Amino acid sequence: MPEVASQELRIVGFLCNWCSYGGADTAGVSRFKQPTDIRIIRVPCSGRVDPLFVVKALLNGADGVLVSGCHPRDCHYSDGNFYARRRLEMLKRLLPFLGIDEKRFYYTWVSASEGARWQQTVTDFTKRIHELGPLHAKKEVTP
Amino acid sequence: MISQKLQEAIAGVSDKVDVVIAYQQGFDKLHATPCFVKKPEEIKNLIWNPLCVHNLTSYLPSLKKKKVAVLAKGCDSRTIAQFVQEGLINRDNVTIIGIPCSGVISVNKVLQAINHEPVEDVSFDEKGNITVKTSKGEKTMSLQDVSPDKCKTCRYPTPLIYDVLAGDPIVSDKSFDDAYADIKDFEGKTLEERLKYWEGEFDRCIRCYACRNACPMCVCQDSCIAETRDPHWISQRATLSEKFMFHMIHALHLAGRCVECGECERVCPMNIPVNKLKRKINLDMKELYNYEPGVNPEDKPPMFTFNVDEVTIKEHKI
């Protein structure tokens, strides 16, 4: 993946089709200003997000990973995000054990109407990743 | 080679089942190997001593439709309870011959102590010592010095579920905190130290997949995503990131399921602490859901279920 701009980092976002992807769309339609470091991957439900997706992204070049789904009790499939919550919490606690800063991974809930909340989430998360800097910097510099 | 009580226990069930899974002597006196007993006269070949390290219950899911009797130590019995929780075996088809176990031996540690010389004879005495005879002489070691790490903090020396118990129950004086003290210790290190530790450990991995093959809870068998081409999770390259990813697959697929039988670490030819990641997750499962794998057959594994209101999971803030 070519570097778009020297300042830009790689953030992968897994968004559920029914709420958060709609929320991101609402933010776009409302012309809210957002950072462009995030690459969004649309998944049917946050329950589709295997914790391995997050690990694979982090090991293969992402500097941060964001997962967002419907608010608890609002899942389109009624219980997908309940399972997701347990899995993602487990991963959130495992990452620091491996030596990966848990701040590089964040999961949250954004509904389709919450364009402003989405804007806030992306802005804050991108800011945090920029504070942490690139995850793979050392490896890319060494020949 | 086996006690009267165990012999009677096996003879008592052998006519009601298709096969009894137990231990016999392997290629030398230091190695035991699993044995499938189908005829009563084969019982005399069986052995039981601290060299019987294997978790024989690993065979149960593949023998789901047969009537099987299996020898189970305390740690092995947790595997069976976990199988029952996940519906991987039919409990009615399994007869568990429980054996209270005061600790097994790490064959690797013995081999290291005798410098990998060919073994001529092995004997045990009442004081808890093992004597290994090689062409270079004899060496006597205390069982405690050559026991695997899992036995040092064992909380379940007596099987948790069994149909027949061959021996007197043993009570452990170890607590939950004892068993996870090393995990808590490791969490005291800095992020950089931890990352460096794991990179060093996983870099040695030769991707033989022995840990996965020996794992009783790795039930995907030929569909393991570490080897499938579709989806192609990891490639055949021998790079650190591929090795790291393989161990993450193993750990995350065992989240809240690992019964800590230690088979993965026993079979690892590179001495990688494979079980450590799973034990870290188990520690979290206890904290979050008060769940311990393989302890109660009636439980539900935490990743198979949920609460609408998770009181223990706090919402994260950026």
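This text follows the structure it describes.
A. Layout of the sheet that holds strand β6 (residues 129–134) of chain B. Residue and element names in this part refer to chain B. Taken in spatial order, the three strands line up as β5-β6-β7 in an open sheet, and their pairing is antiparallel. Unpaired on one side and paired on the other, β5 (119–124) and β7 (137–142) mark the two borders of the sheet. When strand polarity is set aside, the average angle formed by the axes of neighbouring strands in this sheet is 20°. Relative to β6, β5 is paired through five bridges, and the arrangement is antiparallel. What sits directly across from Phe124, in β6, is Ile130.

B. Representation of the nonpolar core. Ranked by internal contacts, the top residues of the largest apolar core, which has 116 residues, are Val65(A), Val70(B), Leu71(B) and Ile97(B). Top contributing element to this core by residue count: helix α3 (residues 80–98) of chain A, with nine residues. Those residues in contact with Ile97(B) that sit more than four places away from it in its chain are Ala9(B), Ile10(B), Val13(B), Ala69(B), Val70(B), Leu71(B), Ala72(B), Tyr162(B), Val164(B) and Ala166(B).

C. Looking closely at the environment of Lys286(B). Residue and element names in this part refer to chain B. Looking at the element boundaries, Lys286 is found in helix α11 (residues 275–289). As for Lys286 and Ser14, which are separated by 272 residues in sequence, their C-alpha atoms are 38 Å apart. Ignoring anything within four residues of it in the chain, the contact list for Lys286 reads Tyr291 and Glu292.

D. Up close: unusual backbone geometry. Following Asp230(B), the chain continues into Pro231(B) via a peptide bond in cis, with omega recorded as 5°. Within the secondary structure layout, Pro231(B) lies in the loop between α8 (210–214) and α9 (240–253). Of note in the backbone geometry, Arg73(A) takes a positive phi value of approximately 80° without being a glycine. One can find Arg73(A) in the loop between β3 (64–69) and α3. Here Ser78(A), not a glycine, exhibits a phi torsion of approximately 65°, which is positive. Structurally, Ser78(A) can be placed in the loop between β3 and α3.

E. A look at the environment of Lys39(B). Relative to the helices and strands, Lys39(B) is located in the loop between β2 (32–37) and β3 (68–72). Between the C-alpha atoms of Lys39(B) and Leu88(B), which are 49 residues apart in sequence, the distance is 27 Å.

So, how was this worked out
Residues numbered from 1 in each chain as written. Chains lettered and ligands numbered in written order. Predicted model: local features only at pLDDT ≥ 70, side-chain atom pairs only at ≥ 80, totals over all residues. Pairing = 2+ DSSP bridges. Helix = DSSP H or I, 4+ residues; strand = E, 2+ residues; numbered from the N terminus. Axes fitted to C-alpha atoms, helices over the stretch in contact; angles between N-to-C directions. Core = buried A, V, L, I, M, F, W, Y, C linked by C-beta atoms within 7 Å. Buried ≥ 20, exposed ≤ 12 C-beta atoms within 10 Å, placed from the backbone. Contact = placed C-beta atoms within 7 Å.

Take it as geometry only, folks, not as evidence of what the structure does.
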